[in-house]
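Architecture at a glance
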Amino acid sequence: MFGKMPRYISALAILALGATVAWPALAAPKVVVSIAPLHSLVAAVMEGVGEPVLLVPPSASPHAFSLRPSDAQALANADIVFRVGADMETFLDKPLAALASGIVVTLDGAPGITEQSIATDGASDHNHGHDDHTSDPHIWLSIANARRIAEIAAETLGDSDGENAQTYSQNLATLDRRLDSLQRDLETRLSTTQTPPYIVLHDAYRHFEAEFGLQRAAAIALSPERRPGARRLREIRDLLVAEDIKCVFAEPQFPNAIAATVVDGTNARLAELDPIGADLAIGPDLYFDLMNNLGRALSDCLSG
Ligand SMILES: [Zn+2]
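Computed from a predicted structure; not experimentally measured.

1. A few points about the nonpolar core
Note that soluble globular proteins tend to have their nonpolar side chains buried in a common cluster. Leu41, Val42, Val45, Ala150, Ala153, Ile199 and Phe249 are the most contacted members of the largest nonpolar core, which has 78 residues in total. Each of domain 1 (25-117 + 129-185) and domain 2 (194-303) gives at least three residues to this core. Not counting residues up to four positions away in its chain, the partners in contact with leucine 41 are Ala146, Ile149, Ala150, Ala153 and Tyr287.

2. Quick look at helix α8 (residues 230-242)
Across its 13 residues, α8 extends 18 Å between first and last C-alpha, which sits within 8% of the 18 Å expected from 1.5 Å per residue. Of all the residues in α8, the buried ones are Ile236, Arg237 and Leu240. An end-on view of α8 places all buried positions within 100° of arc, on one side of the element. Looking at α8, the residues exposed on the side facing more than 90 degrees away from the buried face are Arg231, Arg234, Asp238 and Ala242. The inward-facing, buried residues of α8 contact β5 (198-202), β6 (216-221) and α9 (257-263).

3. Side note on the sheet that holds strand β4 (residues 103-106)
Strand order in the open sheet formed by 4 strands is β2-β1-β3-β4, and the pairing between neighbours is parallel. Edge positions in the open sheet fall to β2 (53-54) and β4, since each of these has one partner strand only. Of the strand pairs in this sheet, strand β1 (residues 31-33) and β2 are connected by 2 bridges, and their pairing is parallel. Bridge pairing in β2 links valine 32 to valine 53. Its contacts with the sheet place helix α2 (residues 36-46) against β1, β2 and β3 (80-83), and it is angled at close to 150° to β1. In this fold helix α5 (residues 143-160) packs onto β3 and β4, with an angle of close to 165° to the strand it touches most, β4.

4. A word on the sheet that holds strand β8 (residues 269-272)
Taken in spatial order, the 4 strands make up an open sheet running β6-β5-β7-β8, and their pairing is parallel. The sheet terminates laterally at β6 and β8, the two strands that pair on one side only. When strand polarity is set aside, the average angle formed by the axes of neighbouring strands in this sheet is 25°. Across 2 bridges, β5 lies against strand β7 (residues 247-250) in parallel orientation. The residue of β7 that forms the bridge with isoleucine 199 is valine 248. The strands touched by α8 within the sheet are β5 and β6, with β6 carrying the most contacts at an inclination of about 160°. Contacting β5, β7 and β8, helix α10 (residues 286-303) runs over the sheet at an angle of about 170° to β8.

Rules of the game
Counting of residues starts from 1 at the beginning of each chain's written sequence and follows it residue by residue. The predicted origin of the model limits local features to residues at a pLDDT of at least 70 and limits the giving and counting of side-chain atom pairs to 80 or more, whereas totals for whole chains, interfaces and linings rest on all residues. In these notes, a nonpolar core means any group of buried Ala, Val, Leu, Ile, Met, Phe, Trp, Tyr and Cys residues linked to one another through C-beta atoms within 7 Å. Three classes are used. A residue is buried when 20 or more other C-beta atoms lie within 10 Å of its own, exposed when 12 or fewer do, and partly exposed in between, with C-beta atoms placed from the backbone. For each domain, the first and last residues come from an automatic or database assignment. Any residue pair is listed as a contact if its two C-beta atoms, each placed from the backbone, are within 7 Å. By the criteria applied, helices consist of DSSP H or I runs no shorter than four residues and strands consist of E runs no shorter than two, each listed in order from the N terminus. Every helix has an expected span of 1.5 Å times one less than the residues it contains. Relevant arc is that of directions from the helix axis to the C-beta atoms, nothing else. At least two bridges found by DSSP between two strands are what make those strands a pair. Throughout, an axis means a line fitted to C-alpha atoms (over the contacting stretch in the case of helices), and angles, computed between N-to-C directions, take values from 0 to 180 degrees.

Put into structure tokens, the structure is as follows:
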């Protein structure tokens, strides 16, 4: 009894515990991330230590999501939760308010995160159900913001898990280098293209457009939570014809018929932009695949 504990006992106990609460690693902090692109950046910072849990599958829109019981459980046990903010994951407001312990990191509005304002009087009001909403909450579509998000993640993780602080900061340095080369690649791809205005499904790309000097003509959906009506679709068709728009971009998180209706019978091409990464493998590479896909979809359609 006083001898050495057989190693398998603690290992089994760990495995059993791991199985009930579904945490992948023992020593790592229990981290929950709301959406796939943020999850990708946090996962890159945590590489070799543990894996964060993702709440919203990338095929779903975070604007119209409800929490499953298993997610609520993961959230209740979390040490750290990373999210965009109240304008993005509305479904998180109540569960997070009920959180007993744990740190919630809200990235929209955090120091060093740039904002892109949205004109609330215009035709492209991205409300997310908040009438006073004035900035584009898709903050991860700026690489400068992605760098800052990764930095905040590394700081937060290092503070709560000092033992792995060095790994987090090494991972951050690696991630920064990858982000630098992503930025150069996208600048090359998008600057060689004279990009005419285009139409997007919902007003999600202001950060990306500002960073790479792109100009969209309009967004079809006035709010990501409501399907655009017949009148709105007519307005967009009129604009498309009047300005000879070449490209209309659908999104996999929304019904394809909306964008298809707009281009039907016109010279415009129908293509796709995905701000979340519906078809991508979840993990550290998702962010890079997502951004490269956006750059490729835009340059292919607009220069084609
Ligand atoms: Zn959106």
